[in-house]
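Fold and geometry: a report
Here are the chains, one letter per residue:
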Amino acid sequence: MTVHNDISVTRRIQDSWLRPGMEALLAPERTMDIVLDSLRELIDYELAVVLGYSGDDRLMVRTMKGPLASPRLAGYSISLAARTDLASLLALGKPKLFLTDDDYVDTYAEILDLPAGHSCLAAPLVIDGTAIGLLTLDHRSCGVFSEQILRFIGVISRLIAVALAQSEASRTLQDRNSRLTAERNRLLKHDAEAFRDLAGTSQAWLSALDSVKLVAATESPVLLLGETGTGKEEAAKAIHRLSPRSAGPFVALNCSAMPASLAESELFGHEKGSFTDARSLRRGRFELADGGTLFLDEIGDLPLEIQPKLLRALQEGSFERVGGETPVQVDVRIIAATHADLGAAVETGRFREDLFYRVAVFPLRMPPLRERHGDAIILAELFASRLRMRPGWGSLTFSEDALRLLETAPWPGNVRELRNAVERAAILARGGMIGATELRAGDWTRGRPAPCARDASCIEGCSETGTGTLEETERRHISAALERSGGRIYGSGGAALALGLKPSTLQSRMKKLGIVRKESIR
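Rules of the game
Residues numbered from 1 in each chain as written. Predicted model: local features only at pLDDT ≥ 70, side-chain atom pairs only at ≥ 80, totals over all residues. Heavy atoms only, no water. Helix = DSSP H or I, 4+ residues; strand = E, 2+ residues; numbered from the N terminus. Buried < 20%, exposed > 50% of the residue type's maximum accessible area, 1.4 Å probe, protein only. Contact = heavy atoms within 4.5 Å. Areas by Shrake-Rupley, 256 points an atom, 1.4 Å probe, with all protein chains shown as cover. Core = buried A, V, L, I, M, F, W, Y, C linked by side-chain atoms within 4.5 Å. Salt bridge = Lys/Arg side-chain N within 4 Å of Asp/Glu carboxyl O. Pairing = 2+ DSSP bridges. Axes fitted to C-alpha atoms, helices over the stretch in contact; angles between N-to-C directions.

1. Focus on the overall build of the protein
Counting its regular elements, the protein contains 18 helices and 15 strands. The burial tally for the protein puts 45% of its 522 residues in the buried class. Put simply, of all contacts in the protein between residues at least 6 apart along the chain, 65% involve residues at least 24 apart. On the protein, roughly 26200 Å² of surface is accessible, and the fraction owed to carbon and sulfur atoms is 52%.

2. A few points about the environment of F286
Topologically, F286 is positioned in helix α8 (residues 285-288). Put simply, F286 and E266 are 20 residues apart on the chain and 8.7 Å apart in space, counted from C-alpha to C-alpha. When near neighbours in sequence (up to four residues on either side) are disregarded, F286 contacts L267, F268, L294, L310, A313, L314, F319, V330, V332 and I334.

3. Details of the nonpolar core
With 32 residues, the main nonpolar core has F286, L294, L296, I299 and L310 as its most contacted residues. Counting only elements with at least two residues in this core, the list comes to β8 (250-254), α7 (260-268), β9 (293-297), α9 (307-316), β12 (333-338), α10 (342-347) and α11 (353-359). Counting residues per element, this core draws most heavily on α9, which supplies 4 residues. For I299, the residues in contact, after removing those within four places along its chain, are L223, C255, L310, A336, A337, T338, L342, F351 and V359. If you look at the next biggest cluster of nonpolar residues, it comprises 27 residues, including W393, F398, A421 and A429.

4. Digging into the side chain of N414
Inspection of the secondary structure puts N414 in helix α14 (residues 414-428). In contact with N414, other than residues within four places in its own chain, are E227, T228, G229, T230, P368 and L369.

5. As for the pattern of salt bridges
Under the criterion given, the structure shown has 20 salt bridges. For R245, the salt bridge is made with D331, and the minimal N-O distance between the two is 2.7 Å. Separated by 86 residues along the polypeptide, R245 in the loop between α6 (232-241) and β8 and D331 in the loop between β11 (328-329) and β12 bring together distant segments of the chain. In this structure, K309 and E264 form a salt bridge, with 2.9 Å as the shortest nitrogen-oxygen distance. Separated by 45 residues along the polypeptide, K309 in helix α9 and E264 in helix α7 bring together distant segments of the chain. Of the residues examined, K309 reaches a relative accessible area of 18% and is grouped as buried.

6. Topic: unusual backbone geometry
The phi angle at N414 is positive, at roughly 60°, despite the residue not being glycine. Positive phi outside glycine occurs at R430, with the angle close to 55°. Mapping R430 onto the fold places it in the loop between α14 and β15 (433-434).

7. Structural notes on the pairing of strand β2 (residues 58-65)
Relative to β2, strand β1 (residues 47-53) is paired through 6 bridges, and the arrangement is antiparallel. Paired with Y53 across the strands is L59, a residue of β2. Connecting β1 to the next strand, β2, in antiparallel fashion are 4 residues, including G55 with a positive phi near 85°. Relative to strand β3 (residues 77-79), β2 is paired through 3 bridges, and the arrangement is antiparallel. In the strand pairing of β3, L59 is matched with I78.

8. Digging into the sheet that holds β12
In sheet architecture, strand pairing relies on hydrogen bonds along the backbone and comes in two forms, parallel and antiparallel. Strand order in the open sheet made by the 5 strands is β8-β9-β12-β7-β13, with parallel pairing throughout. Two strands bound the open sheet, and with one partner strand each, they are β8 and β13 (362-365). Neighbour to neighbour, the strand axes of the sheet diverge by 20° on average, direction disregarded. Two elements, strand β7 (residues 222-225) and β13, share 4 bridges in a ladder whose sense is parallel. From the neighbouring strand, L224 faces β13, where its bridge partner is L364. The strands that helix α5 (residues 203-216) touches are β7, β12 and β13; relative to β13, the one it contacts most, it runs at about 155°.

See the structure below:
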């Protein structure tokens, strides 16, 4: 190692701080990573660890690099009362090279099984004469580190000390910010602007919103569970808005029906020329979400072969683009969502168990609309209020029978179905009074006849010419409802509910009109 190399590594570190467009690298943790990565180009270490003070008499691992870096070292702490040798080294403030015949205790003996006589050195991280942490370098072979390397470490440790001091200050600020965010969220009312797209007053819904407020202030991954259309993406956006990352980007990706090659490129990006159509470098969703939140919708549909790479990116905060070799560092919070049973997918081998536990740190169930008693009317009015802003729709209202239907209908498609039904009904009502008939008009989305375009009040199933007496029209209407329900009168899928009638009333009308269920109708 020459002086030229000493200067070059320092310049490389400074360049990475000052280069335009590299603001993301200014994070203290990134700075320490850069220093340790650059250091390995000059010193053949197998494990580099930076420890900071945790309390007055303990050191805790803050970051680590090298082939021997192990997840078991994360959060590992050392008592200085028990390790008086390290306490003396910190008090002295000078780096030390441990020789083969020195009598010392291996720093990580409880975690790593390193051979006797392996190469080891330690350097206090000092600022203004005060030790704030410790840098250790290890190699399994003997005699790897020299006195020249020790002197160099004495210089480079000053840079690491600055990065560690920034990191500790940043961590303290983040903790304080998280506490303030949690307190603000706790005081937020459920009708606050942050919940503008999450209207509802039912107990089931308010409980879900309380969970949203609680987890938003943390950095923990969230797994949103619930049926299709229950508002999982809106909940994810609310978590982002209420989090310390609200100033950062919110990036969403739907994982459904994507082949593995496309999923990998979408998540991690690709290098120019990595495949036939890769004409330029493309950043993936992880990079786009750096400093913010990445929402992975329908994560249960993610191809199995891409799941290990996703797991590694979540664990290490780094990945390689498709066709790339250089690791890309990102700081991303993950919110995932699924309507499927991921537990069952794990049991059948369609979803990795380790990835499941990684994304399901805080499961949050979004209740279906049928469990949110009273919320359908509130949501319908919210959607109508937005539609009233359209020209000529200022008088849009709901009739009493429409309100009854809103509350009693099962809404299997949940909030999404309700929103579409209200907009469709508003079109049929020409921006005026929405009745139950207009709300039921969505049956044609399932292959059933649409109402006559000439008259929004036209009974469902009428012919284009629309001739016939009222009794004939009513007979056709009831018969069509019976056919759609498979002859069922009672229950959630019965004709009575679809027609907005009591079952006994429907049976009475059938008897009066001479409607007899055929054997084919059950």
